[in-house]
Amino acid sequence: MAEFLQFIFSGLTVGAIYALVAIGFTLIYNASDVVNFAQGEFVMLGGMTTVFLGYAGLPLPLAALVAILFTTAVGLFLYYFAIKTARGADAVTLIIITIGASIFLRGAAEIVFDKRFHSLPPLFGDAPIRFGGAAILPQSLAVLAGAVVIVALLWVFIDRTLFGKAVIATSANRTAARLVGIDIRVIVGVCFALSAAIGAVAGILITPITLTSYNTGTLLALKGFAAVMLGGIGSALGAVVGGVLLGLFEAFAAGYISAEYKDAVAFLVILAVLFAMPQGLFGKATVERV
Amino acid sequence: MLARFHRFRLWQRHRLISLVPLAAITLFLPLLSPSAYYYRIAALVFIFAIASVGLNLLMGFAGQVSLGHAGFMGLGAYAVAIGPAQLGIPPLFSFAIGAMLSALVAFVVGRPILRLKGHYLAVATLGFGVLLAIVFANEANWTGGPDGMTVAQLTLLNWPLRGADTWYWVSAISFLVSATLALNLIDSPTGRALRAIRDSEIAARVIGVDVAQKKLMIFVVSAVYASVAGSYFALLNGYITPDASGFLRSIELVAMVVLGGMGSVTGSLVGSALLVILPQALTFFHDYEHMALGLITMSVMIFMPRGIVPSLAAALSGRAK
Amino acid sequence: MTALSAERLSVSFGGVRAVDAVSFDVAPGTVFAIIGPNGAGKTTLFNLMSGLYPPDDGRVLLGGTNVTDLPPEQLARRGLSRTFQNLQIFSHLTAIENVMVGRHRHEATGIVADLLHLPAVGRQNRRTREAATKALARVGIEDMAELPAGYLAYGDLKRLEIARALASEPTVLLLDEPAAGCNPVETGEIEDIIRGIVRNDITVVLVEHDMRLVMKVSNRIHVLANGRTLAEGTAAEIRTNPAVIETYLGVHGTHEAAGAVG
């Protein structure tokens, strides 16, 4: 029982990160039909930049803030110089562009930072909290709280502000949105910026637990995508649910089946969803008009 | 303009015409008396060109996408490694078994995967490739794990295939053979059907093409090409690691196809040459290899999605586009 | 025996009944037109008959055989072919290559022979090319054979699709708005093409908005509105049918139709 609870805690923690990556994916996908593979790199940049700014002497809160701003800038760059320039390209071309961007960012991180693993001090100390025979790290609670706050803030932004309405309009029908005067470039740019910021925050929160290094982005992007597929591409609720579920599946698979193949779970989920239930839990199936 | 266009099409009419410059290059290079180092590079170029041609058949002609093709290279590579070392199967048979195994895996996995389209297909193939790489890295008892394993030499009728120059001829001739098969296919009923599938699956089906079967067939063919290339790669190096089947390698293959030109067999060689030679030529840029790959991939897809060879061909024939 | 029959075909999409219990019989060697306002379900009906998706209810019979749940590629093998309202051209192929693909079901070489380019393949290519050239000539665009299909004008592309469908030697040809976007001269050419097709004993089922063309060329007309059959009859019967006039033709349309027939 204690073991079971332990897996739930670790599954929820890492699931919260997958959910944040998945939300970032969904924001960008809904606004622009682009599957942004560099999403994982945003998470990596958040953590790594904070770490190295810390080494450089900046107080950690300031380092974190600068890291988030920097990553946001990277997200905007990605949109304006890569995606917007390739406007009109088909889905596969766009996804390969973002893959290229992710490899580029990873290669840059390799050089600017280094190839080792790095950590950050946890927010509330590292004394585990005992609960029902299992132990949960305070940082895990911080991750879960952070994820809830971010999702809530995002929901308020999308649902309650005029700008948020513009984002919804853009997601629904880009041409119509333009016709009513919405500047798509601004909307999509903001979505990229938001996704990057969310990713960066996720990276900073998770680093004290899972450590970070130049190449953690790739696997995160793939798992985030698995979460999106599970939840249903285009659905924000699906992104969150998919992320949490994936984290739980992973934790249970690692615990009860094989720790070595933990990373394979995400891919098996992708393949299973694509074959059995392509629209995911909350997505809608699309029809091709001839 | 139309007249110039027709003249261009005329000498382009024979399907194997592009073999001439390719064969010429093959024969010309050794005349420069290169050292073993350059022979090795050239061999690598031809080896990756074989994989690229196969992927090009799938992507450039049939209009599908595979972001996990290095997985098949890995299957071919580990077949020639594990066969002799762990199962006592001679390298030549292991090579054949690797190719057949890749064909089988492609057949089984391809059937469901090719029902997908666009980014779903892209991610499914990506996932498949990474899964294979994970298996190769984890099953250390068979594969030597993340550090890899040595690969025994291939002996052809008591004649050991070693030495960069030998591998140059083996890979060059294999490339010419694989290019010939690809060029043959293009100018054939199957080839036309595949090219049609790329543009409109619905119209192809309505006209009587069994789209699902054709896609599966070309997926299997391209997997075999990759497997052969992977086996050569392992035998040439005498060593193999899971990286050979990893995500970065799969993206490199896609970059080669797109860079050289989707739908161009010559382009596959050009793309392979660029992506193999550039890192070697700029050795002091070795650290920047990944940044360069990322930058190249992005730039090509943004600015020149048709690739080098088709863009050049269009410019030469005076077409405006 | 009818060339093509629909028996109480019905299909719904997300609660909307796009086609509702539609039935008709098409006599061989005739031109059968399906007309109606936009959204009446004409293209959906075509899609049902060409196997793109299965109906919820009802049957499709081709030459008397039940072909209801067969996919398009199998229908093609039984002699059904069609064109598309929103052109589905193979733009990376040349015009003649587009039509050569139309010959696919008559080509006999397999992938191994193709990879090795055995002599049979060369012979097959030649035969296919000849047949394709003839098909291009039948629609009048043989001089554009070697152009990439993307270079052709809209009107020529509509004819290219017809040539491609003809190359498969169908017994029944479904034409989805062949004259859409065509000027009167081009429409006249389409009319000649259709008459030529029927002279070769091919049955034509036509969805079309151009009333002149419909009235001139059709043996029978089936009127669809809101997914349901409104009326069926000869051109003369339809253009004087009060329900049809009210729903679709309008007074001006009746004059137009009259001008076409009279």
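Conventions used here
Residues numbered from 1 in each chain as written. Chains lettered and ligands numbered in written order. Predicted model: local features only at pLDDT ≥ 70, side-chain atom pairs only at ≥ 80, totals over all residues. Helix = DSSP H or I, 4+ residues; strand = E, 2+ residues; numbered from the N terminus. Rg over C-alpha atoms; globule rule 2.2 N^0.38 Å. Buried ≥ 20, exposed ≤ 12 C-beta atoms within 10 Å, placed from the backbone. Pairing = 2+ DSSP bridges. Axes fitted to C-alpha atoms, helices over the stretch in contact; angles between N-to-C directions. Contact = placed C-beta atoms within 7 Å. Right-handed = clockwise from strand over helix to strand, strands pointing away. Expected span 1.5 Å × (residues − 1). Nonpolar A, V, L, I, M, F, W, Y, C, P; charged D, E, K, R; others polar. Parallel < 35°, antiparallel > 145°, perpendicular 65-115°, else oblique. Left-handed = near helix turned anticlockwise from the far one by under 90°.

(A) Main features of the overall build of chain C. For chain C, the helix and strand inventory stands at ten helices and ten strands. Here the C-alpha radius of gyration of chain C, 19 Å, is about what a compact globule of 262 residues would show, namely 18 Å. Principal axes of the C-alpha set define a box for chain C whose edges measure 65 × 40 × 35 Å. Counting the 262 residues in chain C, one finds 47% classified as buried.

(B) Highlighting the overall build of chain A. Secondary structure assignment for chain A yields eleven helices and two strands. Counted from the first residue to the last, chain A has its helices and strands arranged as α-α-α-α-β-β-α-α-α-α-α-α-α. For a compact globule of 290 residues, the expected C-alpha radius of gyration is about 19 Å, and chain A comes in at 19 Å, within 12% of that figure. Principal-axis analysis of the C-alpha atoms gives chain A an extent of 60 × 50 × 35 Å. The buried share of chain A, taken over its 290 residues, is 51%.

(C) Region of the structure containing the sheet that holds strand S3 (residues 31-35) of chain C. Residue and element names in this part refer to chain C. Within the open sheet, the six strands sit side by side as S6-S7-S8-S3-S9-S10. Their pairing is mixed. Of all the strands in the sheet, just strand S6 (80-82) and strand S10 (228-233) have a single pairing partner and so form its edges. Averaged over all adjacent pairs, the angle separating strand axes in this sheet is 20°, with direction ignored. With four bridges connecting them, S3 and strand S9 (residues 220-225) associate as parallel partners. Pairing of Ile-35 across the sheet is with Val-223, part of S9. Of the strands in this sheet, S3, S6, strand S7 (172-176), strand S8 (203-207) and S9 touch helix H1 (residues 42-49), which is tilted by about 150° from S7.

(D) Expanded view of the sheet that holds strand S1 (residues 4-13) of chain C. Residue and element names in this part refer to chain C. If you trace the four strands from one edge of the open sheet to the other, you get S2-S1-S4-S5, paired in antiparallel fashion. Both edges of this open sheet fall to strand S2 (16-26) and strand S5 (65-66), since each of them pairs with a single strand only. Pairing analysis gives five bridges linking S1 to strand S4 (residues 57-62), with the strands arranged antiparallel. Within S4, the position partnered with Glu-7 by the bridge is Arg-59.

(E) Focus on the pairing of S8 of chain C. All names here are of chain C. In terms of burial, S8 is a largely internal element, five of the five residues being buried. Alternating residues of S8 divide into Thr-203, Val-205 and Val-207 and Val-204 and Leu-206, and every residue in both groups is buried. Across four bridges, S3 lies against S8 in parallel orientation. Paired with Phe-32 across the strands is Val-205, a residue of S8. By the bridge criterion, five bridges tie S7 to S8 in an arrangement that is parallel. Pairing of Leu-175 across the sheet is with Leu-206, part of S8. Of the crossover connections in this fold, the one passing from S7 over helix H7 (residues 184-199) to the parallel S8 is right-handed.

(F) Representation of helix H5 (residues 138-160) of chain A. All names here are of chain A. For H5, with 23 residues, the first-to-last C-alpha span of 32 Å sits near the 33 Å given by 1.5 Å per residue. Three or more residues of H5 are buried, namely Gln-139, Ser-140, Val-143, Leu-144, Gly-146, Ala-147 and Ile-150. Contacts made by the buried residues of H5 are with helix H1 (2-32), strand S2 (134-136) and helix H8 (184-210).

(G) Seen up close, the interface of chain B and chain A. Listed by partner, the interface residues are 31 residues for chain B and 35 residues for chain A. Taken together, the elements giving at least two residues each to the side of chain B that touches chain A come down to helix H6 (118-138), helix H12 (247-260) and helix H14 (289-303) of chain B. Considering each element in turn, the side of chain B that touches chain A owes the most residues, eleven residues, to H6 of chain B. Taken together, the residues that form the side of chain B that touches chain A break down as 23 nonpolar, seven polar and one charged.

(H) Representation of the packing of helix H2 (residues 39-55) of chain A against helix H9 (residues 216-231) of chain A. Residues and elements named next belong to chain A. Running from amino to carboxyl end, H2 crosses H9 at an angle of 135°, the nearest separation of the two axes being 7 Å. Of the possible angle classes, the one that applies to H2 and H9 is oblique. Here the hand of the crossing between H2 and H9 comes out right-handed. Residue-level inspection shows Gln-39, Gly-40, Glu-41, Val-43 and Met-44 of H2 in contact with H9, the latter providing Thr-216, Gly-217, Thr-218, Leu-220, Ala-221 and Gly-224. Across the contact of H2 with H9, the residue classes tally to four nonpolar, six polar and one charged.

By themselves, these figures tell us nothing about what the structure is for.
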